[in-house]
Structure formats: C-alpha cells, structure tokens
Amino acid sequence: MQRRDFLKIGAIGSIGLVAGNAGLLSWVPRAEAVHLPVNLDIISGHVKMIDNSNVYMFSYSGVGAHGTKAMQFPGPTIICQEGDRVNVALNNTLATDSSFVVGGTAIKEHVLAGTTLGFSFDAPPAGTYLYYDYLNNGVNRVMGLHGALVVMPFGLKNRSFVGGPTFVRQYKWLLATVDPLWNKAVQTNGDNYVTALAGMADTFTPKYFTINGYSFDQTHNPDTDLYGAVGEPALVRMLNAGMAVLSLHYHGNHVAICSTNRQNYPVNQKRKDAVSLFPLDVRDAVNPFKRPPDIPEGEFSLGLNLAQHPQRYPMHDHTELTQTAGGGLYPHGMHCAVVIGQPPLEESELTKGVANL
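Reference entry: report on the structure contained in this document. (Residues numbered from 1 in each chain as written. Predicted model: local features only at pLDDT ≥ 70, side-chain atom pairs only at ≥ 80, totals over all residues. Heavy atoms only, no water.)

What about the overall build of the chain?
Thinking step 1. Summing up its helical and strand segments, the chain has seven helices and 23 strands in all.
Thinking step 2. Here the chain holds 357 residues, and the buried ones make up 54% of them.
Thinking step 3. Long-range pairs, those at least 24 residues apart, make up 74% of the contacts in the chain with a sequence separation of at least 6. (Helix = DSSP H or I, 4+ residues; strand = E, 2+ residues; numbered from the N terminus. Buried < 20%, exposed > 50% of the residue type's maximum accessible area, 1.4 Å probe, protein only. Contact = heavy atoms within 4.5 Å.)

Encoded structure:
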C-alpha cells in the first residue's frame, strides 16, 4: 500500500467508511454525534487469491472511482462512535436475495434480488461487530458478504470501551475461509445456487484462509502485521467470518483478552498465547508490546538497539484445517508477524494528515 492510499484511508475513516483490507485503523474522536451515510452495493465478481487464481465471490462494496463498483473482500469497515446514526443505502445487484445483519444486535434487514433498500440504525454500544449476510445457512457470508463495524466510545481514541485498557494503535483482523469449488458452483449455476448449497455444509472444504483478504505472505503489509515500539500496546480486533474454528497463536507473546463478543473485561483480563474463535465470534485483545514472558531480560534485545534491530515473532492459526488446506499450501494462510521495536512506517504522516483535515 502506498503512503497516499494510507492517508486516503485515514481520511475516509474520519467519516465512517474504511477500505475492507485496512487493518491499521485511525480514529479522530468527535465532540458531537453525526448522521453517517453508508452506501453499499452487493455485487459479484472475481477476487485474486494467493496462488493467482481468480475466485468468483459476492461482495459488499463501496462506490469506487468515477462511480464504478469495485469488489472489496472483505467488505468496507464501518467505523463510528456511540451516539451516531448510521444511514445505509443497500443496493443488491445479485440475482438472489441478500441481507444485512450486525452480530449481537437486533439490526437485521432483508433486501430482495435486484432491489435497493434504505434503513437506519443507532450505533450500538462501543465494541467490535461483524456485519454479514445471514441467508442460506452461512453460504452468502462465506461467499464474501461480511465486514466489520467498529464503534468507538464517545470522545475517546485510545480505549475500546470506557474503563478498558489503553492502547497506542488499533488493528482489525477479519478472518475468512474460501472454498473455490463452492464459489465456482455458484458462478456456473447462477447466484441463486446459494440456496442449494445451504443444505450442503458438510461439503465445505476451504482452500484459502485470509486475514483482511490476504493470505501469507501477502499478509506482510501495514494492514496486517502488528508493529510498535516497546511499551506501545496495540488493540487487535479479531472477527471470524468463516465456517472453521480458528486458534490464533502469538509465538513468544501473550495478549490480554479485553472483550469476548462485546462482553468487556475492564480488569483481570485473561492472558493467552492462543486465541480461539468459533464462527461469528469476535475477540478484542491487547498486545502489550513488551518483553515476551519466556525471554530473560538480558536476552530480550540481545544487546542490540531494538529500534534498529526489532524483534519479530510469527502469528499463525494453529487449527489443523488451515495447515493442510489446498493440498499442503500452508503457510499460505492465516500467518503474519508481530514486530516489537518498530512503529509502522506510515503512521506519523497518517496521523498528521488526518488531524489536519
């Protein structure tokens, strides 16, 4: 991602819609609530995977340059704060019905094939939410119809909820699984074939495992890898939009779970080096960006300046399914890095650019 794209995403984030694969989120608190316009087109098209295969998918997509409809996988992140009113225009271009629900809330809308639906909802309490298409027993969702809704506490930028732990920067990891045979069957038989797949969950065999739409080694980018200097904690918002149970393992590090499906833990957070997520689960955790517990103080930096020689640790999914996917393509899947000692290169200019809007 180029710096100008990062600035653009930061600017968009201040009004509510962020590119779907943007993991490093920027937020400027407002002193007042707003009416937030969100325009989503439900479209179909092809998404290029890690092995250069083009897979037919569905997508919640914002309007791209010159009014064009651009595939986004996952869907754009909606970011707002408590008190905001979200006004959604949902245009379904598919030849099958679709929907929009926000997990853990009563927000649930159904949009017929080839129609447009307008609706509004008040921002739910501060937290991390998965929005998705609930139709056809999860088939529409894993076809690509999912995204993240991030609600910030009113007036705050360094806590995910009032009284929660502080952080210097926040990331979103939206986790997905793709079975190209399912997607190919929909492409061949028409969009409405998702209704037939609804009763065939036992045939789902994912080949691709993604974080924010990327598989390793494309995940080594500012939208996925965690970066920070020592003592700069990072909040990681993890959302499982797929059909597989996942277990994200932070090598050499422990994170503090501060929220599980919007149940918040202001104190006494459980510290884990592996975070399990069932389908539709959401977990928020703080990585402290300090000396890993298993490394003695004298050996942490190996006598080196961490700013010049940052410590790198892998994060990957421990679930066996991801390690045997695609005939042994692991680690072409949920794998990225935690880099202690080096902040994101783009961040200072991003923050400055957003603040000066």
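Following the structure, the description resumes.
As for the pairing of strand S15 (residues 234–240)
Thinking step 1. Counted residue by residue, S15 has seven buried out of seven residues, so it is predominantly covered.
Thinking step 2. Here S15 shows two buried faces, one formed by Ala-234, Val-236, Met-238 and Asn-240 and the other by Leu-235, Arg-237 and Leu-239.
Thinking step 3. Strand direction decides the pairing type here: strand S12 (residues 169–178) and S15, joined by seven bridges, are parallel. Counted as the bridge partner of Lys-172 is Arg-237 from S15.
Thinking step 4. Relative to strand S21 (residues 282–287), S15 runs antiparallel, the two being bridged by six bridges. Pairing of Val-236 across the sheet is with Ala-285, part of S21. (Pairing = 2+ DSSP bridges.)

Structural notes on the nonpolar core
Thinking step 1. In terms of nonpolar packing, the biggest core is built from 33 residues, with Phe-58, Tyr-60, Leu-90, Phe-100, Phe-121, Tyr-131 and Leu-149 touching the most fellow members.
Thinking step 2. Counting residues per element, this core draws most heavily on strand S3 (residues 35–48), at four residues.
Thinking step 3. Within the second largest apolar cluster, 30 residues are counted, among which are Ala-234, Tyr-250, Val-275 and Ala-337. (Core = buried A, V, L, I, M, F, W, Y, C linked by side-chain atoms within 4.5 Å.)

Overview of the pattern of salt bridges
Thinking step 1. If you walk through the whole model with that rule in mind, you get six salt bridges.
Thinking step 2. A salt bridge links Asp-284 to Arg-237, with the nearest nitrogen and oxygen atoms 3.8 Å apart. You can see Asp-284 sitting in strand S21 and its partner Arg-237 sitting in strand S15, a full 47 residues away along the chain. (Salt bridge = Lys/Arg side-chain N within 4 Å of Asp/Glu carboxyl O.)

Some points on the side chain of Ser-98
Thinking step 1. When you line up the elements, Ser-98 lands in strand S7 (residues 98–102).
Thinking step 2. Here Ser-98 falls in the buried class, since its relative accessible area comes to 0%.
Thinking step 3. There is a polar contact of 2.5 Å between the side chain of Ser-98 and the side chain of Asp-133.
Thinking step 4. Setting aside anything within four residues of it in sequence, one finds Ser-98 in contact with Ile-42, Asn-92, His-110, Val-111, Asp-133, Leu-135, Asn-140 and Leu-145. (Polar contact = N/O pair within 3.5 Å; in protein donor to acceptor, adjacent residues only side chain to side chain.)

Here we look at the pairing of S7
A regular strand carries its side chains on alternate faces of the sheet.
Thinking step 1. With five of five residues buried, S7 lies mostly within the body of the structure.
Thinking step 2. Pairing between S7 and strand S8 (residues 108–111): four bridges, direction antiparallel. Paired with Ser-99 across the two strands is His-110, which belongs to S8.
Thinking step 3. Counting the residues between successive antiparallel strands, the hairpin from S7 to S8 contains five residues, one of them, Gly-104, with a positive phi of roughly 80 degrees.
Thinking step 4. Taken together, the two bridges between S7 and strand S10 (residues 127–132) define a ladder with antiparallel strand orientation. Among the inter-strand pairings, Val-101 is bridged to a residue of S10, identified as Tyr-132.

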